[in-house]
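A closer look at the structure
Chain residues, written in single-letter form:
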Amino acid sequence: MTKRTSLKLTDERQRKLDKASSIVAEDEYDDPPMSVVIDAALTHLVESKQNIDNARGDIDPETIQTVANTSVIGLRYRTSIESKWR
């Protein structure tokens, strides 16, 4: 991963940040800082992968694939987790 000092906020990225912010906010009046929203999103991604790995063997692969497939974490039946970003 390349470290950068700035983050370009495209319209789509801003929409995603706004949606994520509403999920992280304690109530409708809370406006969490962007760093909190990004930290929450990263934590969710890492924990989701761990949860998927932990569920293997206990839950059938078709159910895991149905529940856990997203545009970020792509699951193939009986194979591995792949990132669709690169």
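For clarity, every value in this text was computed on a predicted model and none was experimentally measured. (Residues numbered from 1 in each chain as written. Predicted model: local features only at pLDDT ≥ 70, side-chain atom pairs only at ≥ 80, totals over all residues. Heavy atoms only, no water.)

1. Considering the overall build of the protein
Within the protein, the regular secondary structure consists of 3 helices and 2 strands. Within the protein, buried positions represent 15% of all 86 residues. When contacts within the protein are restricted to residue pairs at least 6 apart in sequence, those whose partners lie at least 24 apart make up 22%. Element-wise, carbon and sulfur atoms account for 52% of the exposed surface of the protein, whose accessible area totals about 7,500 Å². (Helix = DSSP H or I, 4+ residues; strand = E, 2+ residues; numbered from the N terminus. Buried < 20%, exposed > 50% of the residue type's maximum accessible area, 1.4 Å probe, protein only. Contact = heavy atoms within 4.5 Å. Areas by Shrake-Rupley, 256 points an atom, 1.4 Å probe, with all protein chains shown as cover.)

2. A word on the pattern of salt bridges
One pass over the structure, following the stated rule, counts 3 salt bridges. Between Arg 56 and Asp 53 there is a salt bridge whose closest N-O contact spans 3.9 Å. Of the residues examined, Asp 53 reaches a relative accessible area of 30% and is grouped as partly exposed. One salt-bridge network, held together by shared partners, links Lys 49, Asp 53 and Arg 56. (Salt bridge = Lys/Arg side-chain N within 4 Å of Asp/Glu carboxyl O.)

3. Remarks on the nonpolar core
One finds Ile 52, Ala 55, Ile 64, Ala 68 and Ile 73 forming the largest nonpolar core, which totals 5 residues. Secondary-structure elements contributing two or more residues to this core are α2 (34–55) and α3 (61–68). (Core = buried A, V, L, I, M, F, W, Y, C linked by side-chain atoms within 4.5 Å.)

4. So, the confidence of the model for the protein
Mean pLDDT over the protein works out to 84, with 84% of the residues at or above the 70 mark. Looking across the protein, the model is least confident in strand β2 (residues 81–83), with a mean pLDDT of 67, and most confident in helix α1 (residues 11–24), with 94. (pLDDT = per-residue confidence, 0-100.)

5. A closer look at the side chain of Ser 21
Along the chain, Ser 21 falls in helix α1. You can call Ser 21 buried: its relative accessible area is 13%. Among all residues touching Ser 21, those that are not within four sequence positions of it are Asp 31, Pro 32 and Val 37.

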